[in-house]
Structures are given as C-alpha cells and as structure tokens.
Amino acid sequence: MSRKVLAAMSGGVDSSAAALMLLRQGYEVVGATARMFGGEDIGLPGAALNIERDIKDAQAVAAKLGIEHKVVDLCGCFRSKVIRHFIEEYQCGRTPNPCVDCNKYIKFGALLDYAKALGCDYLATGHYARIFYDEERGRWLLARGEDRRKDQSYMLFSLTQEQLAHVLLPLAEVSKDEIRQTAEAAGLVTAQKPDSQDICFVPDGDYAGLIERVEKVQPAAGNFVHINGQVLGRHKGMINYTIGQRKGLGIAYEYPLYVIDKDMASGNVIVGPQEALFAKALLAENCNFIMIDKLDAPLRVTAKTRYRQEDVPATIEPCGDCVKVTFDEPMRAVTPGQTVVFYSGEYVVGGGIIKTALKE
C-alpha cells in the first residue's frame with residue numbers, strides 16, 4: 001500500500017503542522033500550494049502580495065521539513081467555480097458560501113486530481129474533522145473534529161465517497177493550541193501566524209466592492225419596504241444586504257429593523273421586526289449524503305444553517321429534487337445560498353444549499 005501523500009499547504013500553521021505530523025507517521029510527503037487567484041481577478045493588484053507571502057511561507061516550511069514543494073496554478077478553475085459563482089449568486093439575491101465551493105471544486109477536486117496524477121494515494125489538508133470507514137455500512141463517514149471550537153465538518157459536507165477514500169485529515173484529534181505548540185517546537189515559521197478570518201479573495205471584507213470592481217457596474221438602487229408595505233427609504237443596491245442584517249440600513253424606525261427578504265423582481269429590500277426572520281422549514285438543493293446513499297424517507301437529524309451555529313433538532317425528507325428540512329423550533333435568518341448540514345450525533349449525514357425558507 002502506497003504511503004505517498006500530497007499535503008495541501010496554504011502557508012498557515014494548520015496545514016504546516018499537518019505536513020509535519022504526516023512525516024512523523026511515516027508517510028512520504030510532497031507539499032503543494034495552490035495559486036488560486038491573482039490581484040487582477042479581484043480588482044486588487046496589491047492582493048498578489050499576500051498570495052506570494054503565503055507561498056513563500058509554505059516553501060519555507062517544506063524546506064524545514066525536507067520535503068519537495070510544488071506550486072499548482074488553479075486560477076482558472078477558481079475563477080470559474082468560486083469567484084464567478086460567488087458574484088452570480090449575489091447578483092440573483094442569494095448569499096453564497098464560497099468556502100464550500102472551494103472545498104468541492106478546488107481542494108478536493110482539482111488538487112486531489114493533481115495528487116493522483118503525481119502518483120499519490122492521498123491528499124491531506126489541515127481541516128479539523130475526522131474521516132472513518134464503517135465496515136458495517138460499507139461507507140466512508142465524516143465526523144466532527146475533536147476540537148469542537150475549530151470543527152470544520154460543516155464545510156466538508158459535499159465530499160463524495162471517492163474523495164473521502166483518498167483524503168487524510170491529520171489534525172482530526174488535536175486542538176489548535178496543540179497545533180501551535182507542535183509547530184513552534186519544530187521551528188516552523190508559521191507557528192504563530194494569525195488565522196485568516198476573511199474570505200481569501202475578499203481580503204478587505206467588502207463583498208459589494210469586489211463585485212463592483214470585477215463587473216465594472218454600480219449596483220442598482222431600490223426601496224427599503226416594510227413587510228406591511230410601507231416604503232421607508234432607498235437602499236444602495238441588493239448586493240449590499242443579506243437576510244438577518246441589521247447594521248448599515250440607515251433607517252430610523254420605532255423598533256430595530258432587519259432584512260427579511262430581497263425581492264429581485266421589484267428591486268426592493270424587505271425589512272421588518274426580528275420575529276419576522278424565523279422560518280419553520282426550508283428547502284435544500286444540490287444535496288450530498290455521506291452517512292447514507294440517498295434519502296428515501298423522513299429522517300431525524302440535527303441541522304445547522306451557519307458554520308458557527310449550534311445544530312438543532314429537525315426532520316429531513318425528500319421533496320422532489322430537494323430535501324425539506326423541518327425544524328422542531330423555528331430557525332432565525334434562513335438564507336438562500338447558504339449551506340445547511342445534517343448531523344447524527346458526531347457524524348455528518350449530509351447537506352445541501354438552501355433554496356428557500358418556508359415561513360408557514
């Protein structure tokens with residue numbers, strides 16, 4: 001059995017420590033850093049400096065570990081599958097999760113293909129989650145990481161059985177503190193490097209600004225309309241708002257207002273009180289299942305619609321091409337374009353992309 005692994009090295013401490021741990025476990029390790037976009041792709045020439053810095057950090061770690069390091073150009077794939085999809089989703093009123101697309105198409109898609117082309121049996125990443133093979137089910141399973149504060153199983157719901165069979169997650173059972181200590185002890189330059197907080201291709205956090213720069217158009221203004229029909233003022237363009245948003249509306253009213261919906265036909269942003277945000281259910285599309293082959297009957301799970309959210313009791317059932325998710329208690333700010341992931345205890349049952357919230 002081959003012990004050759006391609007370690008995806010982003011230039012951060014997690015992936016650096018993952019490569020180190022693989023070496024200590026006896027694997028033959030090749031490091032690889034994907035160049036996913038350039039400054040011109042996001043209209044920020046200066047962003048290329050951050051990308052090159054991360055590549056140099058990964059190269060320095062690889063040199064310290066004594067392993068080969070490769071830089072893989074995935075800009076074309078990232079531009080079409082992640083950046084373009086992100087922009088198109090915002091333009092049609094949805095709020096996408098680009099990290100999910102990146103995992104699906106880039107890290108565990110194009111980069112895994114690259115690993116296989118190099119003769120590697122596995123791709124390893126610095127994600128905090130666990131992968132098991134269940135003999136009884138005859139399936140690969142995905143579970144939460146031991147460090148629940150850093151658990152990233154939510155972001156990996158789209159992994160297929162084929163991908164799971166060829167992925168190693170060395171950080172599955174260690175904490176972030178332990179990772180930094182391990183990297184520090186080994187003299188890795190990334191040991192105290194801060195975690196990235198923003199979406200990588202939106203380094204300034206200004207999503208609307210990215211879309212304006214890339215598309216070279218100003219978003220169309222429209223009305224803020226209360227759910228009771230009252231026009232309350234003008235907004236700066238639909239792409240500037242998302243479901244559940246309160247700050248930045250610039251509307252004076254007798255109680256706090258939140259974005260409840262976006263009406264693409266009229267160009268109106270619908271606002272209202274916080275209680276109007278709650279939905280009893282949702283429809284999810286493009287679903288992938290890990291614990292089961294397919295959903296053919298109602299199933300009790302816990303579910304969450306945000307990465308940092310605690311999962312809550314729900315029932316999932318097939319509904320045409322979608323999955324209907326009915327919560328035991330109404331869920332706040334269910335947002336089309338975001339991800340819903342289903343769990344059974346520690347294990348990921350599956351997940352999908354929120355198509356619509358069902359208020360009644």
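Description of the structure in this document.

Procedures and definitions
- Residues numbered from 1 in each chain as written.
- Predicted model: local features only at pLDDT ≥ 70, side-chain atom pairs only at ≥ 80, totals over all residues.
- Heavy atoms only, no water.
- Helix = DSSP H or I, 4+ residues; strand = E, 2+ residues; numbered from the N terminus.
- Rg over C-alpha atoms; globule rule 2.2 N^0.38 Å.
- Buried < 20%, exposed > 50% of the residue type's maximum accessible area, 1.4 Å probe, protein only.
- Contact = heavy atoms within 4.5 Å.
- Areas by Shrake-Rupley, 256 points an atom, 1.4 Å probe, with all protein chains shown as cover.
- Lys, Arg positive; Asp, Glu negative; His and termini not counted.
- Charge placed at Lys NZ, Arg CZ, Asp CG, Glu CD.
- Core = buried A, V, L, I, M, F, W, Y, C linked by side-chain atoms within 4.5 Å.
- Pairing = 2+ DSSP bridges.
- Axes fitted to C-alpha atoms, helices over the stretch in contact; angles between N-to-C directions.
- Parallel < 35°, antiparallel > 145°, perpendicular 65-115°, else oblique.
- Left-handed = near helix turned anticlockwise from the far one by under 90°.
- Salt bridge = Lys/Arg side-chain N within 4 Å of Asp/Glu carboxyl O.

**Describing the overall build of the chain**
Okay, so step 1: Within the chain, the regular secondary structure consists of eight helices and 17 strands.
Okay, so step 2: Computed over its C-alpha atoms, the radius of gyration of the chain comes to 22 Å, within 12% of the 21 Å expected for a compact globule of 360 residues.
Okay, so step 3: Seen through its C-alpha atoms, the chain measures out along the principal axes to roughly 65 × 50 × 35 Å.
Okay, so step 4: By residue count, 52% of the 360 residues in the chain fall in the buried class.
Okay, so step 5: Contacts in the chain between residues far apart in sequence, at least 24 positions, make up 66% of those at least 6 positions apart.
Okay, so step 6: Of the roughly 16400 Å² that the chain leaves accessible, carbon and sulfur atoms contribute 49%.
Okay, so step 7: Both charge centroids of the chain, one from 42 positive and one from 46 negative side chains, sit 3 Å from each other.

**Considering the nonpolar core**
Okay, so step 1: With 52 residues, the main nonpolar core has Leu 6, Phe 37, Phe 78 and Phe 201 as its most contacted residues.
Okay, so step 2: With eight residues, helix α5 (residues 98-117) is the single largest residue contributor to this core.
Okay, so step 3: Those residues in contact with Phe 201 that sit more than four places away from it in its chain are Phe 37, Ile 42, Phe 78, Val 82, Ile 83, Phe 86, Pro 98 and Leu 210.
Okay, so step 4: If you look at the next biggest cluster of nonpolar residues, it comprises 28 residues, including Ala 17, Tyr 27, Tyr 128 and Ala 186.

**Observations regarding the sheet that holds strand β9 (residues 231-235)**
Okay, so step 1: One open sheet accounts for four strands, arranged β9-β8-β11-β10; its pairing is mixed. Looking along the sheet, the strands with just one partner apiece sit at the ends: β9 and β10 (258-263). Averaged over all adjacent pairs, the angle separating strand axes in this sheet is 30 degrees, with direction ignored.
Okay, so step 2: Note that strand β8 (residues 222-226) and strand β11 (residues 268-272) share three bridges and pair parallel.

**Section: the sheet that holds strand β7 (residues 167-168)**
Okay, so step 1: Reading across the sheet, the five strands line up as β3-β2-β1-β4-β7 and stay open at both edges, with parallel pairing between neighbours. Each edge of the open sheet is held by one strand with a lone partner, namely β3 (68-73) and β7.
Okay, so step 2: Of the strand pairs in this sheet, strand β2 (residues 28-35) and β3 are connected by six bridges, and their pairing is parallel. Paired with Val 30 across the strands is Glu 68, a residue of β3.
Okay, so step 3: Packed onto the sheet, helix α1 (residues 13-24) meets β1 (4-8), β2, β4 (122-124) and β7 and runs at close to 165 degrees relative to β1.
Okay, so step 4: In the packing of α5 onto the sheet, the strands contacted are β1, β3, β4 and β7, and the crossing angle to β4 comes to about 130 degrees.

**Digging into the packing of α1 against helix α7 (residues 176-185)**
Okay, so step 1: Close contact between α1 and α7 brings their axes to 9 Å; oriented N to C, the two are set at 70 degrees. Regarding the angle of α1 to α7, the classification is roughly perpendicular. Taken as a pair, α1 and α7 cross one another with a handedness that is left-handed. Counting all contacts with α1, which are made through Val 13, Asp 14, Ala 17, Leu 20, Met 21 and Arg 24, the residues of α7 involved are Lys 176, Ile 179, Arg 180, Thr 182 and Ala 183.

**As for the side chain of Asp 14**
Okay, so step 1: Of note, Asp 14 is situated in helix α1.
Okay, so step 2: The class for Asp 14 is buried, based on a relative accessible area of 17%.
Okay, so step 3: The residues touching Asp 14, leaving out its near neighbours within four places in the chain, are Gly 126, Tyr 128, Leu 171, Lys 176 and Ile 179.

**Structural notes on the side chain of His 235**
Okay, so step 1: Tracing the chain through its elements places His 235 in strand β9.
Okay, so step 2: Assessed through its relative accessible area of 2%, His 235 is described here as buried.

**Side note on helix α8 (residues 207-215)**
Okay, so step 1: Among all positions of α8, only Ala 208, Gly 209, Leu 210 and Ile 211 are buried.
Okay, so step 2: Each element contacted by the buried residues of α8 is listed here: α2 (39-42) and α4 (75-91).
Okay, so step 3: Lys 216 sits one or two residues past α8 and shows a positive phi near 55 degrees.

**Here's the deal with the pattern of salt bridges**
Okay, so step 1: Considering all chains together, one arrives at 24 salt bridges under this definition.
Okay, so step 2: Where Arg 130 meets Glu 346, a salt bridge forms, and the shortest distance between an N and an O atom there is 3.4 Å. A residue pair is termed long-range when its members are at least 10 positions apart, and Arg 130 in strand β5 (residues 129-134) and Glu 346 in the loop between β16 (339-344) and β17 (347-358) qualify at 216 residues.
Okay, so step 3: Glu 346 serves as the salt-bridge partner of Arg 144, at 3.8 Å between the closest nitrogen and oxygen.

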